[in-house]
Amino acid sequence: MGIINATPDSFSDGGCFMEPEKAIEHGLRLVEDGADIIDIGGESTRPGADSVSVEEEQARTLPVIAGLLESGCGAQISIDTRKPDVAGAAIKAGATIWNDVTALSYSPESLEAAASFGCDIVLMHAQGDPKTMQDDPHYDDVVEEVYAYLAGRIEACVTAGIDEERLIVDPGIGFGKLLSHNLSLLANLDRFRALGRPVLLGASRKRFIAALDRSGPAKARLGGSLAAALHGLAGGVAIFRVHDVAETRQALAVFSAIRNES
C-alpha cells in the first residue's frame, strides 16, 4: 500500500502532493514501483494535526482518485479518512477500500455508511484523536487492549451488516502510543492474526524509528521502516502501508526468498 498525502501538514511529505497533478504523478510512480494499493488522504492524522472540512478533504482527494483511474493505474484505490461523507464520495469515484484511523467510530453514521458502500474496510486502533493522542497515552497491557478494541470493532461491523470478509485490522503504530507501546505491538504482531482478518502494518517513517536511532527528517527513516516491515512479514502481516514502495518490496522479496530456503 503506497501512500499519497494530499495535505499541507503530514509528518513526512506534507505539502509535496497538494497539487492533483503532482499527486497523480506520484501515485503512478508508486504503482510502477510495485504498489498494489494506493492510499490517498486529504486530512493529516499526525500528532497535533487539526481537522479539515468535508469539502476541503474531498477537494484534495477526489481529483487524485479520478486522475489515477483515468490513467489506468491498475492498483486498488484506498481513501484514508475518518468521515463517511468523504469515504462515500471516494467510493463513488472508484475507490474500493475505506481506511479509517478511528475504526468507524468517528461518526455515528460510519457503520451504516460502510455497510452500504460494500467496500473493504481498514479498522485501525487509536487512543484519542490526532490533536491530543500523544499528550498522555496510557495502557495497562497495550497488546491485549488493542486486541480487545479491534475485536469489538469487528463485532460492531458485523452487527451493522458489514461482511466480515471485507475487514482488515491495523494496530495503529504511533497513534496514541509511546515508544514502549509501539515496540510491544510490533513484538506481538502475530497476536492480531487471531482476530481472523488480514493485518495491516503502518510503521513507515514513524517517529519511533528516530527515537531508537537518531533524530532527523522523516525521509531519513528508511532503514528503520524496512526493519519494521521485515519483522512484520515474519509476524504474518498481510499489507504494508509504506512511503518507499520499491525499497520495501525488494526487502520483502529477499527476506522471503531466504526464509523459504531455510
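Residues numbered from 1 in each chain as written. Predicted model: local features only at pLDDT ≥ 70, side-chain atom pairs only at ≥ 80, totals over all residues. Heavy atoms only, no water.

Q: Is there a simple way to explain the sheet that holds strand 6 (residues 167-170) in this structure?
A: The strands making up a sheet are joined through hydrogen bonds of the backbone, oriented either antiparallel or parallel. In spatial order, the strands read 1-2-3-4-5-6; together these six strands make up an open sheet with parallel pairing. Lying at the two open borders of the sheet, with one neighbouring strand each, are strand 1 (2-5) and strand 6. Ignoring which end each strand starts from, the neighbouring axes of this sheet average 20 degrees apart. Taken together, the five bridges between strand 2 (residues 37-41) and strand 3 (residues 76-80) define a ladder with parallel strand orientation. In the sheet register, Gly41 faces strand 3, and the bridge partner there is Asp80. (Pairing = 2+ DSSP bridges. Helix = DSSP H or I, 4+ residues; strand = E, 2+ residues; numbered from the N terminus. Axes fitted to C-alpha atoms, helices over the stretch in contact; angles between N-to-C directions.)

Q: I'm lost on unusual backbone geometry in this one. Help?
A: One can expect most non-glycine residues to show negative phi and most peptide bonds to be in trans. Positive phi is not limited to glycine here, since Leu104 has a value of about 65 degrees. Looking at where Leu104 falls in the secondary structure, it is placed in the loop between strand 4 (97-100) and helix 4 (110-117). Take Leu104: its relative accessible area is 1%, and that puts it in the buried class. A positive phi angle, close to 60 degrees, is found at Arg205, a residue other than glycine. Take Arg205: it is sitting in the loop between strand 7 (200-201) and helix 7 (207-212). (Buried < 20%, exposed > 50% of the residue type's maximum accessible area, 1.4 Å probe, protein only.)

Q: What is the right way to read empty space enclosed by the protein from this model?
A: Which parts of space are left empty comes out when a probe the size of a water molecule is rolled across the atoms. Summed over all chains, the structure comprises one cavity of 30 Å³ or more. In this structure, the largest cavity encloses a volume near 60 Å³. Among the elements that line the lining of the largest cavity, the one with the most residues is helix 8 (residues 222-234), at three residues. For the lining of the largest cavity, a count of residues per class yields six nonpolar, two polar and one charged. (1 Å grid on protein atoms, 1.4 Å probe; cavity = no way out; pocket = protein on both sides within 12 Å on 5 of 7 lines; lining within 4 Å. Points joined across faces, edges and corners; volume = space filled by probe spheres on them. Nonpolar A, V, L, I, M, F, W, Y, C, P; charged D, E, K, R; others polar.)

Q: I'm lost on the environment of Gly232 in this one. Help?
A: Topologically, Gly232 is positioned in helix 8. Classification of Gly232 by relative accessible area gives buried; the value is 0%. Along the backbone, Gly232 and Val199 are 33 residues apart, and their C-alpha atoms lie at a distance of 9.3 Å.

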